[in-house]
Amino acid sequence: KNLCVIGLGYIGLPTAAMFAHHGWKVHGVDVNPRAVDMINRGEIHIEEVGLQEMVKQAVEGGKLKASPNTVEADCFIIAVPTPHTSDNKANLDYVVQATRSVLEKVEKGNIVIVESTIPPRTINDVVAPLFEEAGWLVGEDIYLAHCPERVLPGRILIELVENNRIIGGINEASTDKAAEVYATFVKGDLLKTSALSAEMSKLMENTYRDVNIALANELVKISERLGIDALEVIQLANHHPRVNLHQPGPGVGGHCLAVDPYFIIEKAPEESKLISDARVINNSMPDFVIQQVEKLTESRNSKVAILGLTYKGNIDDVRESPAMEIVEKLLDQGYDLGVYDPHIKQEQVEFKLSSFADAVAEAECILVLTDHNEFKDLDEGAILTGSKRPIILDTKNCVVVKSKQIKYVNFGNLTTKS
Ligand code: SAJ
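Residues numbered from 1 in each chain as written. Predicted model: local features only at pLDDT ≥ 70, side-chain atom pairs only at ≥ 80, totals over all residues.

Under an unreviewed UniProt entry, the name given to the protein is Nucleotide sugar dehydrogenase, and the source organism is Bhargavaea changchunensis.

Below, the structure is given as structure tokens:
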């Protein structure tokens, strides 16, 4: 069987390689010529555990090839990005372009699958009409489905196989055809449903987390006002068998949780009250962290050490990272910063990165913004000898402090708001 995968990024390339590994003849399409060249040489342009070997094997075995153009195939998978515009609407340009490129090659009996994250009703209201306008009877002549990706970076090749997969066809025939495609390698359940439910389920999974994190962040603000240990409250409440409060932090980052809720809000703003408020609360956390820094430092000329820039621990991704916003705002306010992140390379950011010792030297406050493993056990000697005042503000509750001479502040013991 022939497969054409459009978009060879974090989802498209592993998916293409996985199908090739399971016997399909796969053609990958990408607008980035560097990605295309690298893949055709058996190399990869992104980092993902195990992917390099799988792509190399597939290319050498003649099962995977890349080019800038969509080609004829039995099945098409669209895995292009859905960026959001500055007013928080989904930009469907790439999805529409990819669909148009499929339109030029599609033949009777083919299956078209959209994996990109899309606002609810996109398959019915945007993608299907493009095929209908071209004269196809969607669901009869050709089959159309939304099968959202739900894999975690770093575990993509495992989760592609083991996770349950939502298969949402525009009609039952489309669902059955798409399920046959994924049955090639998915060991989890194939959850058959409609395109509409598939779109909304994917968005609700990430929204569920965003709203719950907002609840935890709101608890921190309430506790700061009332002089309560928010972290202890979370721990106690989570002993209840039906309660699972999430962890508070400096904000919500990454390209999924901080973006997907807006795809729901844009379609039903009047009704999305809780979801909108959750976004506002999580987006307010960088300013809340800066207020805490102000309480712990003498003036805006003070030096602050920043530990961690990525949107979560042990990764190298700074997309939508609240830590980046905090750094930029502190710099704007005139603070002198020493920034340290062992997972980040200098070319990823515009400000200067330091070593740990240089970052803490002369600092009045050490601000921890990411829970990298490296931060659990800090070099306390360097803090005690180098810093101006040994104070740690740990927004991720991840540092274990041994020395009594170091003042440790986290979201459980913030100074009460006056
Ligand atoms: N965070 C908190 N408190 C928590 C949990 C997370 O503040 O209790 C923050 C993190 O620090 C980070 C952000 O939320 O800034 C997002 O991190 P995450 O680990 O929750 O999720 P992502 O964005 O890395 O990946 C999510 C996953 N979705 C779910 O767990 C429902 C992943 O399975 C999806 O494939 C991915 O989104 C996606 O592509 O949609």
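Once you've had a look at it, read on.
## What about the overall build of the protein?
Counting its secondary structure elements, the protein contains 14 helices and 13 strands. The C-alpha atoms of the protein give a radius of gyration of 24 Å, which matches the 22 Å a tight globule of 418 residues would have. Each of the 418 residues in the protein was classed as buried or not, and the buried ones make up 44%. Partitioning the contacts of the protein with sequence separation of at least 6, the portion at a separation of at least 24 is 69%. (Helix = DSSP H or I, 4+ residues; strand = E, 2+ residues; numbered from the N terminus. Rg over C-alpha atoms; globule rule 2.2 N^0.38 Å. Buried ≥ 20, exposed ≤ 12 C-beta atoms within 10 Å, placed from the backbone. Contact = placed C-beta atoms within 7 Å.)

## Let's talk about helix H11 (residues 273–296)
In an α-helix, one turn spans 3.6 residues, which is why side chains three or four residues apart end up on the same side. The terminal C-alpha atoms of H11 lie 35 Å apart, and with 24 residues this matches the ideal 34 Å at 1.5 Å per residue to within 8%. Buried residues of H11: Ile275, Ala278, Arg279, Ile281, Asn282, Met285, Pro286, Phe288, Val289, Val293 and Leu296, and no others. (Expected span 1.5 Å × (residues − 1).)

## Things to note about the site of the ligand
In the vicinity of the ligand lie 17 residues, with His246, Gln247, Gly249, Gly254 and Cys256 positioned nearest. A per-class count over the shell around the ligand returns seven nonpolar, six polar and four charged. Structurally, the shell around the ligand is a two-domain feature, drawing no fewer than three residues from each of domain 1 (2–188) and domain 2 (203–278). (Near = placed C-beta within 6 Å. Nonpolar A, V, L, I, M, F, W, Y, C, P; charged D, E, K, R; others polar. Domains from an automatic or database assignment.)

## Looking at the domain arrangement of the protein
Along its sequence, the protein is carved into domain 1 (2–188), domain 2 (203–278) and domain 3 (284–410). Between the C-alpha centres of domain 1 and domain 3 there is a distance of 40 Å.

## Thoughts on the pairing of strand S5 (residues 111–114)
Burial along S5 is two-sided: Ile111 and Ile113 and Val112 and Val114, pointing in opposite directions, are all buried. With four bridges joining them, strand S4 (residues 75–78) and S5 adopt parallel strand pairing. Across the sheet, the residue bridging to Ile78 is Val114, located in S5. Crossover handedness for the path S4 to helix H4 (residues 93–103) to S5: right-handed. Pairing geometry for S5 and strand S6 (residues 143–146), over four bridges, is parallel. Considered in S6, the bridge of Val114 is made with His146. Each parallel crossover has a hand, and for S5 linked through helix H5 (residues 122–133) to S6 it is right-handed. (Pairing = 2+ DSSP bridges. Right-handed = clockwise from strand over helix to strand, strands pointing away.)

## A word on the nonpolar core
Judged by nonpolar contacts, the single largest core of 88 residues is most densely connected at Val5, Phe76, Ile78, Ile113 and Leu144. Looking at this core, you find at least three residues from each of domain 1 (2–188) and domain 2 (203–278). Setting aside chain neighbours within four positions, we find Ile78 in contact with Ile6, Gly7, Val95, Ala98, Thr99, Ile113, Val114, Glu115 and Ser116. One finds Val293, Phe356, Leu378 and Ile391 within the second-largest nonpolar core, a separate group that totals 33 residues. (Core = buried A, V, L, I, M, F, W, Y, C linked by C-beta atoms within 7 Å.)

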